[in-house]
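Structural features, examined
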Amino acid sequence: MKPTHQVTKWLAACLAMALLPACGSLLESTKVPDRTFLLHPYSVSEKGESTGRGLSLEFTVIPGLDSDHMLTLGPDAELNKLAAVRWPDHLPEFLGSLLRQSLQGSGRYTKVTDKRSSALDDCSLELEARKFYTLIDGSGSPLRVNIAISGHHECEGKMTPIALEADAGVSSRRAADVVAAHQAAMNQATRSLHQQLESAESPP
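Quick look at the structure, then. Remember, predicted model here, so these are calculated numbers, not experimental data. (Residues numbered from 1 in each chain as written. Predicted model: local features only at pLDDT ≥ 70, side-chain atom pairs only at ≥ 80, totals over all residues. Heavy atoms only, no water.)

The next thing to look at is the overall build of the protein. In terms of helices and strands, the protein carries three helices and eight strands. Moving toward the C terminus, one meets the helices and strands of the protein in the order α-β-β-β-β-α-β-β-β-β-α. The buried share of the protein, taken over its 204 residues, is 42%. Summing over all exposed atoms, the protein offers an accessible surface of approximately 11,100 Å²; the carbon and sulfur share of this is 55%. (Helix = DSSP H or I, 4+ residues; strand = E, 2+ residues; numbered from the N terminus. Buried < 20%, exposed > 50% of the residue type's maximum accessible area, 1.4 Å probe, protein only. Areas by Shrake-Rupley, 256 points an atom, 1.4 Å probe, with all protein chains shown as cover.)

Right, let's get into the packing of aromatic side chains. Applying the stated rule across the entire model yields two aromatic pairs. Grouped by ring-pair contacts, the aromatic residues Trp 87, Phe 94 and Phe 132 constitute a single cluster. (Phe/Tyr/Trp six-rings, centres within 6.5 Å; stacked < 30°, edge-to-face > 60°.)

This brings us to the state of the cysteines. Scanning all chains against the criterion turns up one disulfide. Residue Cys 123 pairs covalently with Cys 155 via a disulfide, S to S 1.9 Å. Here Cys 155 lies in strand S7 (residues 142-155) and Cys 123 lies in strand S6 (residues 123-136), a separation of 32 residues in the sequence. A relative accessible area of 2% means that Cys 123 is categorised as buried. (Disulfide = S-S within 2.5 Å.)

Trp 87, Leu 125, Leu 127, Phe 132, Ile 147 and Leu 193 are the most contacted members of the largest nonpolar core, which has 46 residues in total. Ranked by residues supplied to this core, first place goes to helix H3 (residues 175-201) with nine residues. When sequence neighbours within four positions are dropped, the list of residues in contact with Phe 132 reads Leu 39, Leu 65, Leu 71, Trp 87, Leu 91, Leu 95, Asn 146, Ile 147, His 182 and Met 186. (Core = buried A, V, L, I, M, F, W, Y, C linked by side-chain atoms within 4.5 Å. Contact = heavy atoms within 4.5 Å.)

Before going further, it helps to examine unusual backbone geometry. Residue Ala 77 is not a glycine yet carries a positive backbone phi of 70 degrees. Within the secondary structure, Ala 77 is located in the loop between strand S3 (69-73) and strand S4 (79-86).

We now examine the packing of helix H2 (residues 91-105) against H3. Contact pair H2 / H3: the axes reach a minimum separation of 11 Å and the direction vectors enclose 50 degrees. Classified by the interaxial angle, the pair formed by H2 and H3 is oblique. For H2 against H3, the interelement crossing comes out right-handed. Touching Leu 95, Leu 98, Leu 99, Ser 102 and Leu 103 of H2 are Met 186, Thr 190, Leu 193, His 194 and Leu 197, all from H3. Its residues assigned to classes, the contact of H2 with H3 shows seven nonpolar, three polar and no charged. (Axes fitted to C-alpha atoms, helices over the stretch in contact; angles between N-to-C directions. Parallel < 35°, antiparallel > 145°, perpendicular 65-115°, else oblique. Left-handed = near helix turned anticlockwise from the far one by under 90°. Nonpolar A, V, L, I, M, F, W, Y, C, P; charged D, E, K, R; others polar.)

Applying the stated criterion across every chain, the model contains five salt bridges. Ionic pairing is found between Arg 53 and Glu 156, a salt bridge with its closest N-O pair at 3.2 Å. Residue Arg 53 is found in strand S2 (residues 53-61), and its partner Glu 156 is found in the loop between S7 and strand S8 (158-169); the two are separated by 103 residues along the sequence. As a salt-bridge pair, Arg 174 and Asp 177 come within 3.1 Å of each other at their nearest N and O atoms. The exposure class of Arg 174 is exposed, given its relative accessible area of 51%. (Salt bridge = Lys/Arg side-chain N within 4 Å of Asp/Glu carboxyl O.)

The next point concerns the side chain of Ser 67. By secondary structure assignment, the location of Ser 67 is in the loop between S2 and S3. Judged by its relative accessible area of 12%, Ser 67 falls in the buried class. Every residue in contact with Ser 67, bar those within four places of it in the chain, is listed here: Asp 89, His 90 and Leu 91.

Relative to the assigned elements, Thr 113 resides in strand S5 (residues 109-113). With a relative accessible area of 26%, Thr 113 lands in the partly exposed category. Taking the C-alpha atoms as reference points, Thr 113 and Leu 57, separated by 56 residues in sequence, lie 6.2 Å from one another. Ignoring sequence-local partners within four residues, the contact set of Thr 113 consists of Leu 55, Ser 56, Leu 57 and Arg 100.

The next point concerns the pairing of S4. In terms of strand pairing, strand S1 (residues 35-36) meets S4 through two bridges, oriented parallel. Following the sheet pairing, Arg 35 is matched in S4 by Val 85. The pairing of S3 with S4 spans four bridges and is classified as antiparallel. Within S4, the position partnered with Leu 73 by the bridge is Leu 79. Where S3 hands over to S4, the hairpin turn is made up of five residues, of which Ala 77 adopts a positive phi near 70 degrees. (Pairing = 2+ DSSP bridges.)

Below, the structure is given as structure tokens:
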């Protein structure tokens with residue numbers, strides 16, 4: 001074998017080895033999370049008319065989602081996590097806070113809390129996240145963010161089911177783009193929540 005061919009093969013092998021960590025780094029969950037990403041509460045464009053009532057929001061997640069890691073779901077239904085990145089808190093606290101901030105900012109309620117109110121005319125909202133992860137393909141590349149939240153709203157003796165579904169594509173393997181897709185999906189879900197609550201609380 002000519003020396004030039006040996007050098008070419010050696011360079012190709014080195015390049016392949018150098019690319020492997022870059023491809024796998026997205027899912028190397030053994031790394032300690034060292035970057036924290038934040039989502040912002042959805043802000044309604046127009047303030048709604050005040051109901052004069054308070055609202056209590058209890059937010060939970062299904063087993064497997066109670067984490068501060070950014071989770072992924074592979075084609076074989078395996079939950080994993082993105083490497084070296086996390087949310088500021090575990091999902092129930094983090095998403096519950098985002099939704100409470102958005103609902104408080106809407107102007108519809110006198111207060112929005114995580115404690116059930118003793119006032120008879122206040123409303124309550126119980127939600128559970130069933131999906132909150134990035135769908136990935138067989139090679140570990142992110143495809144889209146999928147969010148599903150369901151529960152019920154109770155006000156003045158009226159019980160209304162709540163169902164929120166949101167989906168947003170991920171533009172690249174960069175963690176920042178995965179976060180941007182989460183923000184877009186959360187905005188969709190929260191916008192739908194505002195619309196469903198407005199409909200549930202409107203006079204018959």
